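Coordinate inspection notes
Given next are the chains, with one letter for each unit.
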Amino acid sequence: MIGTGYVGLVTGTCFAESGNEVVCLDVDASKVQRLRNGEIPIYEPGLEELVTRNAAAGRLQFTTSYEQAVTGARCIFICVGTPQDEDGAADLAYVRSAAEQMAPWLSENAVVVCKSTVPVGTNRQVREWISALTQTVFHSASNPEFLKEGAAIEDFTRPDRVVVGVDTDYAAETLRELYAPFLRTEKPYLVVGIESAEMIKYVANCLLATKISFINEMANICEKVGADINDVRRGIGHDSRIGFAFLFPGAGYGGSCFPKDVRAMASVAERHGGNARILRMVDETNNQQKQVLFQKLRDYFGDSLRQRTIAIWGLAFKPRTDDVREAPAITLIENLLAAGCSLRVHDPVAGQNIRRIFGDRLHYCAHHYDTCEGADAVCILTEWNEFRNPDFEVLRHHLKSPVIFDGRNLFDPHKMAARRFHYAGIGLAPLHVISPDN
Ligand SMILES: NC(=O)c1ccc[n+]([C@@H]2O[C@H](COP(=O)([O-])OP(=O)(O)OC[C@H]3O[C@@H](n4cnc5c(N)ncnc54)[C@H](O)[C@@H]3O)[C@@H](O)[C@H]2O)c1
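Everything numeric here is computed off the predicted structure, so don't read it as measured data.

Definitions and limits used
Residues numbered from 1 in each chain as written. Predicted model: local features only at pLDDT ≥ 70, side-chain atom pairs only at ≥ 80, totals over all residues. Near = placed C-beta within 6 Å. Helix = DSSP H or I, 4+ residues; strand = E, 2+ residues; numbered from the N terminus. Nonpolar A, V, L, I, M, F, W, Y, C, P; charged D, E, K, R; others polar. Pairing = 2+ DSSP bridges. Axes fitted to C-alpha atoms, helices over the stretch in contact; angles between N-to-C directions. Expected span 1.5 Å × (residues − 1). Buried ≥ 20, exposed ≤ 12 C-beta atoms within 10 Å, placed from the backbone.

A closer look at the site of the ligand
What surrounds the ligand is a group of 26 residues, the closest being Gly 3, Gly 5, Val 7, Ser 116 and Thr 117. Contributions of two or more residues to the shell around the ligand are made by helix H1 (6-17) and helix H5 (93-102). A per-class count over the shell around the ligand returns 11 nonpolar, 10 polar and 5 charged.

If you want it as structure tokens, here you go:
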């Protein structure tokens, strides 16, 4: 595995768990050292136990040496990051560096697999970068990864499908053998062309992002016309052509994939003379959606917002991960700090990552109830399970006023009105209105 982040570490560990010998390489020497010491650098449920077991059995090793990782390997997976460059396209510098550094150590007939999400044409480019540095015969494959952070082990070991893009039977069969233990329930192993495999990953992420931006726009319209998005969602979701998945309105999508993949796909389309009107609007709609909670707070408190203390529940871009990349919480925190608010924040696992960005400008609380101490309102940004059934009397006791702005629509607005909370969700107007005291 070249690159030992969310994808490389999970993939490597799951392959080790099925009996393969795996070497995980990273350029980040401190990450490698921590892994060697048995420390897991990311939060991912179930991962620690698997890493510990396979490392102890000698099937899973960690290194910074390309010579050690690549020499004798039958498959080399490129799992490095592909962040966006300043124009919104995918930055392939890490992929190129991985390709060039592995080249001298490749074995005859090795399969070089690109698991990083990369634009169409990148696998062919990787082949050229490597071939410029070695005469060794090798095979190329594109193997997009569909795991979700927070459920990565489950997704990897029980995939809905495995997609490989290849141009040799040898590469297709080598990867089929590697994935066979995870496909025993007859889930499909799809062999397609390299370009199609590269497209599949982007098309999947772009469609999911589009669904989210679509329902967010509908939620905003619901608020304006006095409709309830939850009722609307139920009304459409029972239509078997529509369904319920990915149609939950919220404070905008974040993470390391959707935002950059939507922009990268748009950039690919435009570079090839196509247009990407839908994708550009999905991105813009999402950027605006990340502002919605702040606008609600500003509308509610008016000029007095600057002297308010706001509690924030949830900092990660979604539950069961400590990943805060492009998280809506970051946008809200930046806006509230700029408006002069004091912020009391809590996340079950992502506090440290937010501290790296905001340092001592926030008050970090050990429990979500603690954030409410003396706060004028609570904002909910991540739908962690432990936020779903709070003791509302405890909240009322700690808060200056029972006011909740919920970016994840966790509670029933009618019950919140009965509890005499001012409760504003996304696509839900408050049913019990409490005016802010001045
Ligand atoms: N995170 C996800 O949920 C997810 C899901 C599917 C696909 N992907 C895609 O997989 C790729 C990796 O994502 P991630 O979230 O694991 O990223 P990450 O940032 O967590 O990990 C990438 C790792 O690669 C290392 N690295 C960078 N350059 C290197 C080099 N030249 N040699 C060796 N190591 C190098 C970095 O130090 C880092 O540890 C991206 O293209 C991403 O879009 C991510």
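Focus: the sheet that holds strand E6 (residues 162-166)
With mixed pairing, the 5 strands of this open sheet are ordered in space as E3-E4-E5-E6-E7. Edge positions in the open sheet fall to strand E3 (75-78) and strand E7 (189-192), since each of these has one partner strand only. The mean inter-strand angle of the sheet, taken between neighbouring strand axes irrespective of direction, is 25°.

Some thoughts on the sheet that holds strand E10 (residues 363-364)
Hydrogen bonds between backbone groups are what pair the strands of a sheet, and the pairing can be parallel or antiparallel. Ordered by their spatial adjacency, 6 strands build an open sheet running E10-E9-E8-E11-E12-E13, and the pairing between neighbours is parallel. Looking at which strands have only one partner, the edges of the open sheet turn out to be E10 and strand E13 (422-424). Sheet topology places strand E8 (residues 309-313) next to strand E11 (residues 377-380); 4 bridges connect them, and they run parallel. Within E11, the residue paired with Ile 310 across the bridge is Ala 377.

Observations concerning helix H11 (residues 258-271)
Quick reminder: α-helices carry 3.6 residues per turn. Residues three or four places apart thus point the same way. In this model, H11 (14 residues) spans 20 Å end to end at C-alpha, consistent with the 20 Å of a helix rising 1.5 Å per residue. Taken across its 14 residues, H11 has 10 buried, putting it largely inside the fold. Positive phi shows up at Gly 273, right after H11, with a value of about 80°.

Considerations on unusual backbone geometry
Positioned with a positive phi, Asn 409 is a non-glycine residue whose angle comes to about 50°. We classify Asn 409 as buried; it has 22 C-beta atoms within 10 Å. One non-glycine residue, Arg 420, lies in the positive phi region at around 60°. Inspection of the secondary structure assignment puts Arg 420 in the loop between helix H18 (413-418) and E13.

A look at the pairing of E3
Here E3 shows no split at all, with Cys 75 and Phe 77 on one side and Ile 76 and Ile 78 on the other all buried. Judged from the 4 bridges that link them, E3 and strand E4 (residues 110-114) form a sheet pairing that is parallel. Across the sheet, residue Phe 77 finds its bridge partner in E4, namely Val 113.

Fair warning: the whole summary comes from geometry, so function is off the table for now.
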